[in-house]
Protein chains: 2
Amino acid sequence: MIILCTKEDLLSGVNTVQRAVSTKSTLPILQGIKLSATKEGLWFEATDLELGIRILLPVNIQEEGEVVLPARLFAEVVRRLPDSSIRIESSGHNINIFYNDSHFELNGYDPEEYPEMADIPSGDVIELPGPTFKNMIKQTVFACAVEETRPVFTGLLLQIEKEKISLVSTDTHRLAYSKSLLNGNEKEFSGIIPSKTMQEIYRLVGDEEFLNIKVSKSRVIFNFNNIQVLTRLIEGQFPNYKQVIPQTCNTKLLINTRKLLDTVERASLLSRDNYLKTNTVRFNIENSSININQYSELGKISEQLEIEQEGEDVAISFNAKYIIDLLKIIETDKVILETSGPYSPCVFRPENNEDYLCLVLPLRN
Amino acid sequence: MIILCTKEDLLSGVNTVQRAVSTKSTLPILQGIKLSATKEGLWFEATDLELGIRILLPVNIQEEGEVVLPARLFAEVVRRLPDSSIRIESSGHNINIFYNDSHFELNGYDPEEYPEMADIPSGDVIELPGPTFKNMIKQTVFACAVEETRPVFTGLLLQIEKEKISLVSTDTHRLAYSKSLLNGNEKEFSGIIPSKTMQEIYRLVGDEEFLNIKVSKSRVIFNFNNIQVLTRLIEGQFPNYKQVIPQTCNTKLLINTRKLLDTVERASLLSRDNYLKTNTVRFNIENSSININQYSELGKISEQLEIEQEGEDVAISFNAKYIIDLLKIIETDKVILETSGPYSPCVFRPENNEDYLCLVLPLRN
């Protein structure tokens, strides 16, 4: 393998794939980045066996070939290369990077041992709108479970039903749901995509108008720009989320999003350091205002926020973190809160937007 | 105590003093920030008994008084206050912060127990040029020792001898020295200032043309803008640094600063992860070039850098970190390197600048 390129080319490749490099694998070669010089250009590739990322860069290929290089060291060398023209030559499993009057030889792994990131030969291909899909990820990915005791809750349910696409996530205490139109689509798909994959899609999708996904029963490939993201699907049954979303309510509020966020953040300061670590915030909803009156050994807070109220007065307690998380991604000036009592699931929606909701279970106290 | 102010006032006060708050003291009240409402305005004050910082803010004082508030919680509350007008009233040791229709009550400490930050009644006052002094700190503070086994090496020697001011730091492996003119000064001072104090001075000095220092045998007060920084001096004898700075050399080089930094950073990547943790870089100086040829289990590097050379060829080994640290603060395009052999102290200076040098002891290998 012999290639001519710039520091920018190498940086772009490394930065795109590096987050798929395994950090905890016992298989040493998974700590590598694979470079494949082909007629198409230079492929960078990394995988942790669950997620794989590839990018093709149009550099000058003088001789084809493959190497696998230790990701962290290669990335640090690349970041410190000069802006001059760079020539890379492989020598067995190693490479020599030539720049100015100097060169750096990096010891690599045997590329034959690097796991193949297989294509999905006969999968359906579905076109998704780039900015919309990216926004749907932002609206839902935060509600995934972090603990891996029940794998289905660490992923997002992607459902495509002809002209409708939806993403759902839940950690069993809260649930986020976002849907959108998929004009002209005739195909169907349902699968649970790991949240790490979705975070990478969110990071890598730029201002592309569309991205393609190619789907099978166990895997999905996202294609956009010159990037491919391959992911395994999480096996298991996602809960029937539709039946937990209430269709009616006894109390409906319209609240200034920013003011509510500030209020809850202040109230949470009082309980954050306490030994119960509960971080509870209690909304006393009455007479078109939300009142919060709380105290701890650190002090007291008394907040009053004017709102528009329809229906009954009610007092509900929440985990403040869940309210803060969801209010941070609501972009409308006002947020709707719907509830049917202190022990019923509470629904938050942006004003004038039927495509998104976040449901939070109250705390019993 | 009753005051009217804005969020910006409170943020400014908290951000200025917060780094002097003790993080490891067993005396709980040192985790507090003291607020004193006086006729002059509102003083914010924090100390860890070694370093103290005070700032006076011109807010509307309705009633004088003092409180001491837990620093971290107060800072977080302040950051989350609305931009509306704010009223603070003390009630015993506690305060109530009023904003919009809400209020936050914070439990405080007994201000009587807060240690006094005493003035230096009869100390000499010396005026220092702000930007120059700030630059001198940057040029020297990095070479202080981190370990506290020998306290004098954790500080910077400040010497004022009439019209000359100098700062010196050393961790015994390297030494940084910076001097400047102090036009018209008649006074003298010599003392070892803790590096943490100097870092705070560096952070807090803005574009003030001058700052004053008031000195005594055991303490110093820096005054600038509306800020006072009080510090204890470190007791002990600073080494006689002048006798270790070589006055002659057998080899003198003129080197592109940026290229040398990049070269040493690349070379250090090879040894950084090795089990010896030495991070050695070896300069082979001959025929007007520096050659670096190194290898480890990770790979090899071969760098060649053209330089201007006077005098003998020589090969010297350094701790790469020390070379990287000093090259990062040299602002001239070219750096001078002077040495008298592989085991003699090596001096680095900016080109055309007799006011600064950094001396590094070579490694024996």
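Residues numbered from 1 in each chain as written. Chains lettered and ligands numbered in written order. Predicted model: local features only at pLDDT ≥ 70, side-chain atom pairs only at ≥ 80, totals over all residues. Heavy atoms only, no water.

Some details on the interface of chain A and chain B
Interfaces are often sized by the accessible area lost when the parts come together. Of the residues lining the interface, 31 residues belong to chain A; the matching set on chain B comes to 31 residues. Between chain A and chain B, a total of about 2800 Å² is buried, with carbon and sulfur atoms accounting for 47% of that surface. On the chain A side of the interface with chain B, the three residues burying the most area are Arg80, Arg266 and Leu269 of chain A, jointly 22% of the side's total. Taken together, the links from chain A to chain B amount to 4 salt bridges. The tally of links from chain A across to chain B stands at 18 residue pairs in polar contact (both at pLDDT 80 or more). For the side of chain A that touches chain B, the secondary structure elements donating two or more residues are helix H2 (71-79), strand E9 (102-106), helix H5 (257-272) and strand E21 (299-306) of chain A. Counting residues per element, the side of chain A that touches chain B draws most heavily on E21 of chain A, which supplies 7 residues. (Contact = heavy atoms within 4.5 Å. Buried area = accessible area lost by both parts, 1.4 Å probe. Salt bridge = Lys/Arg side-chain N within 4 Å of Asp/Glu carboxyl O. Polar contact = N/O pair within 3.5 Å; in protein donor to acceptor, adjacent residues only side chain to side chain. Helix = DSSP H or I, 4+ residues; strand = E, 2+ residues; numbered from the N terminus.)

Description of the sheet that holds strand E17 (residues 227-232) of chain A
Residues and elements named next belong to chain A. With antiparallel pairing, 8 strands are arranged side by side in an open sheet as E6-E2-E3-E4-E17-E16-E15-E10. Two strands lie at the open edges of the sheet, namely strand E6 (65-70) and strand E10 (124-129), each paired on one side alone. Strand after strand, the sheet turns through a mean of 20° between neighbouring axes, direction not considered. With respect to the sheet, helix H1 (residues 7-17) is in contact with strand E2 (32-38), strand E3 (41-47), strand E4 (51-57) and E17, its orientation differing from that of E4 by roughly 165°. Those strands touched by helix H3 (residues 130-140) are E10, strand E15 (210-215) and strand E16 (219-224), and its axis lies near 85° from that of E10. (Pairing = 2+ DSSP bridges. Axes fitted to C-alpha atoms, helices over the stretch in contact; angles between N-to-C directions.)

Section: the relation of the copies chain A and chain B
Superposition record for chain A on chain B: RMSD 0.0 Å, screw rotation 180°, translation along axis 0.0 Å. On the angle and the small slide along the axis, the relation comes out as a two-fold axis. When each C-alpha of chain A is compared by its distance to the rotation axis, Thr23 of chain A comes out closest, at 16 Å. A shared interface surface links the copies, since 100% of the contact residues of chain A are contact residues in chain B too. (Least-squares fit on C-alpha atoms with pLDDT ≥ 70 in both.)

What about the sheet that holds strand E7 (residues 86-91) of chain A?
On the basis of which strands lie adjacent, the open sheet formed by 9 strands has the order E5(A)-E1(A)-E7(A)-E8(A)-E9(A)-E21(B)-E20(B)-E19(B)-E23(B) and antiparallel pairing. The sheet is open, and its two edges are formed by strand E5 (60-63) of chain A together with strand E23 (314-319) of chain B, each paired on a single side. On average, adjacent strands in this sheet sit at an angle of 20° to one another, irrespective of strand direction. The sheet strands contacting helix H6 (residues 320-329) of chain B are strand E19 (280-286) and E23 of chain B, and the helix crosses E23 of chain B at an angle near 85°.

Some thoughts on the domain arrangement of chain A
Residues and elements named next belong to chain A. Taken domain by domain, chain A consists of domain 1 (2-113), domain 2 (124-241) and domain 3 (245-360). Taken over C-alpha atoms, the centre of domain 2 sits 28 Å from the centre of domain 3. Between domain 2 and domain 3, the contact holds 13 residues from the first and 14 residues from the second. Summed over both sides, the interface between domain 2 and domain 3 buries roughly 1300 Å², with carbon and sulfur atoms accounting for 53% of that surface. Remark: the boundary between domain 2 and domain 3 carries 3 salt bridges. Among the residues making up the side of domain 2 that touches domain 3, the classes are represented as 5 nonpolar, 4 polar and 4 charged. (Domains from an automatic or database assignment. Nonpolar A, V, L, I, M, F, W, Y, C, P; charged D, E, K, R; others polar.)

Observations concerning the pairing of E7 of chain A
Residue and element names in this part refer to chain A. Pairing of strand E1 (residues 2-5) with E7, which is carried by 4 bridges, proceeds in the antiparallel orientation. Directly across from Ile3, in E7, lies its bridge partner Ile88. Examined bridge by bridge, E7 and strand E8 (residues 94-99) share 5 bridges and lie antiparallel to one another. Residue pairing in the sheet places Ile88 in a bridge with Ile97 of E8. Linking E7 back to E8 in an antiparallel pair, the connection comprises 2 residues, with Gly92 at a positive phi of about 65°.

Digging into the packing of aromatic side chains
Throughout the structure, instances matching the rule amount to 8 aromatic pairs over all chains. Measuring from ring centre to ring centre gives 5.3 Å for Phe283 of chain B and Phe318 of chain B, while their planes differ by 70°; the resulting arrangement is edge-to-face. Of this pair, Phe283 of chain B sits in strand E19 while Phe318 of chain B sits in strand E23, placing them 35 residues apart in sequence. A single burial state applies to Phe283 of chain B and to Phe318 of chain B, both of which are buried. An aromatic cluster is built from Phe283, Phe318 and Phe348 of chain A, whose rings are joined through pairwise contacts. The cationic tip of Arg54 of chain A hangs over the ring face of Trp43 of chain A; the distance from NZ or CZ to the ring centre is 4.0 Å. (Phe/Tyr/Trp six-rings, centres within 6.5 Å; stacked < 30°, edge-to-face > 60°. Buried < 20%, exposed > 50% of the residue type's maximum accessible area, 1.4 Å probe, protein only. Lys NZ or Arg CZ within 6 Å of the ring centre and 35° of its normal.)

Considerations on the side chain of Arg174 of chain B
All names here are of chain B. With respect to the helices and strands, the residue Arg174 is situated in strand E13 (residues 174-181). Of the residues examined, Arg174 reaches a relative accessible area of 6% and is grouped as buried. A polar atom in the side chain of Arg174 sits 3.1 Å from the side chain of Asp171. Ignoring anything within four residues of it in the chain, the contact list for Arg174 reads Phe142, Ala143, Ser169, Lys321, Tyr322, Asp325, Leu359 and Val360.

What to know about the environment of Asn284 of chain A
Structurally, Asn284 of chain A can be placed in strand E19 (residues 280-286). Counting along the chain gives 30 residues from Asn284 of chain A to Val314 of chain A, while the straight-line C-alpha distance between them is 6.3 Å.

Structural notes on the packing of helix H3 (residues 130-140) of chain B against helix H4 (residues 195-204) of chain B
Residues and elements named next belong to chain B. Interhelical geometry of H3 versus H4 gives an angle of 135° and a closest axis separation of 10 Å. One finds that H3 runs oblique with respect to H4. Both H3 and H4 take part in a crossing whose hand is left-handed. Where H3 abuts H4, its residues Phe133, Lys134, Ile137 and Lys138 lie against Met198, Ile201 and Tyr202. Residue composition of the contact of H3 with H4, grouped by class: 5 nonpolar, no polar and 2 charged. (Parallel < 35°, antiparallel > 145°, perpendicular 65-115°, else oblique. Left-handed = near helix turned anticlockwise from the far one by under 90°.)

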